[in-house]
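This is what each chain is made of:
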Amino acid sequence: MDMEEKKTLPEQAQEHAKNYFRQGLNCSECVMQTFLDLHGSALPKEIVCLATGFGGGMGHTKNTCGAITGAVMALSAVVGRENPMAKDNMAERIQELNGIYDIVGEMVQEMEEKFGSLICSELSAPHGDFECKARKKSCMQMIGDCAGLAMQYIEKAEQQKA
């Protein structure tokens, strides 16, 4: 059994996401591509394009962290609605969202507690220049953490479904 097989899925996700960052994927793409690689989702690989614009805090505006939005997209790929119109009426559709929002909100709250913010500019500010090595290293760690947390919550959601 190799080392990769001994690691938990969240641990594998952390490493995969960091490696993607080293290869030039943006923060959001790293998390989403890791999900696509490790989860076994039936989603087409091209769906990673949905994550691209969230990099750098949404189009490099340094708003909501792209690693966090990537994690939300990955978790939503598992818990989200494939057909929002499947329920017969608006009340049922709204009710259906509650369980989805609960687990996504729990993950986001855990991230905010862990990192102190969800905002890219606040997370990167201690490092000064956005292009500096220290900021990139910090982001790479956060990308790994977000990918790991996404996988942790995905596992939790799948256990709740079972």
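Residues numbered from 1 in each chain as written. Predicted model: local features only at pLDDT ≥ 70, side-chain atom pairs only at ≥ 80, totals over all residues. Heavy atoms only, no water.

1. A few points about the state of the cysteines
Thought 1: Under the definition given, this model contains 0 disulfides.
Thought 2: Free cysteine Cys27: the closest other cysteine sulfur is in Cys65, separated by 5.7 Å.
Thought 3: Unpaired in terms of disulfides, Cys139 finds its nearest cysteine sulfur in Cys120, a separation of 6.0 Å. (Disulfide = S-S within 2.5 Å.)

2. What about unusual backbone geometry?
Thought 1: One non-glycine residue, Met58, adopts positive backbone phi at about 75°.
Thought 2: You can see Met58 is positioned in the loop between α4 (49-52) and α5 (66-79).
Thought 3: For Met58, a relative accessible area of 35% corresponds to the partly exposed category.
Thought 4: Even without glycine at this site, His60 takes up a positive phi of about 60°.
Thought 5: Its location among the elements puts His60 in the loop between α4 and α5.
Thought 6: Residue His60 is classed as partly exposed on the basis of its relative accessible area, which comes to 45%. (Helix = DSSP H or I, 4+ residues; strand = E, 2+ residues; numbered from the N terminus. Buried < 20%, exposed > 50% of the residue type's maximum accessible area, 1.4 Å probe, protein only.)

3. Regarding the environment of Ser28
Thought 1: Secondary-structure assignment places Ser28 in helix α3 (residues 27-39).
Thought 2: Residues Ser28 and Met85 lie 57 residues apart in sequence; the distance between their C-alpha atoms is 28 Å.
Thought 3: Residues within four places of Ser28 in sequence aside, it is in contact with Ala51, Phe54, Gly55, Gly66, Ala67, Thr69, Gly70 and Met73.
Thought 4: In terms of polar contacts, Ser28 uses its side chain to reach the backbone carbonyl oxygen of Gly66, at 3.3 Å. (Contact = heavy atoms within 4.5 Å. Polar contact = N/O pair within 3.5 Å; in protein donor to acceptor, adjacent residues only side chain to side chain.)

4. Section: empty space enclosed by the protein
Thought 1: Summed over all chains, the structure comprises 1 cavity of 30 Å³ or more.
Thought 2: Looking at the largest cavity, its volume works out to about 30 Å³.
Thought 3: Lining the largest cavity, in full, are Ala13, Val31, Thr34, Phe35, Ala74, Ala147, Ala150, Met151 and Ile154.
Thought 4: Contributing elements (two or more residues each) for the lining of the largest cavity: α3 and α8 (133-161).
Thought 5: In terms of residue count, the dominant contributor to the lining of the largest cavity is α8 (4 residues). (1 Å grid on protein atoms, 1.4 Å probe; cavity = no way out; pocket = protein on both sides within 12 Å on 5 of 7 lines; lining within 4 Å. Points joined across faces, edges and corners; volume = space filled by probe spheres on them.)

5. Some thoughts on the packing of α3 against α8
Thought 1: Between α3 and α8, whose axes approach to 9 Å, the crossing angle comes to 40°. In terms of orientation, α3 lies oblique with respect to α8. Of the two possible hands of crossing, α3 and α8 adopt the one that is right-handed. Here α3 contributes Cys27, Cys30, Val31, Thr34, Phe35, Leu38 and His39 to the contact with α8, which in turn contributes Ile143, Cys146, Ala147, Met151, Ile154 and Glu158.
Thought 2: Looking at side-chain class alone, the contact of α3 with α8 contains 10 nonpolar, 2 polar and 1 charged residues. (Axes fitted to C-alpha atoms, helices over the stretch in contact; angles between N-to-C directions. Parallel < 35°, antiparallel > 145°, perpendicular 65-115°, else oblique. Left-handed = near helix turned anticlockwise from the far one by under 90°. Nonpolar A, V, L, I, M, F, W, Y, C, P; charged D, E, K, R; others polar.)

6. A look at the side chain of Asp145
Thought 1: When you line up the elements, Asp145 lands in helix α8.
Thought 2: In contact with Asp145, not counting residues within four places along its chain, are Gln14, Lys114 and Phe115.

7. A closer look at α5
Thought 1: Across its 14 residues, α5 extends 20 Å between first and last C-alpha, which sits within 8% of the 20 Å expected from 1.5 Å per residue.
Thought 2: Across the 14 residues that make up α5, a large majority, 10, are buried.
Thought 3: Looking at the buried side of α5, the elements it contacts are α3, α6 (90-115) and α8. (Expected span 1.5 Å × (residues − 1).)

8. What about the nonpolar core?
Thought 1: In this structure, Phe35, Leu75, Val79, Met111 and Cys146 are the most contacted members of the largest nonpolar core, which totals 40 residues.
Thought 2: At the level of elements, α2 (9-22), α3, α5, α6 and α8 are the ones that each hand at least two residues to this core.
Thought 3: The element contributing the most residues to this core is α8, with 10 residues. (Core = buried A, V, L, I, M, F, W, Y, C linked by side-chain atoms within 4.5 Å.)

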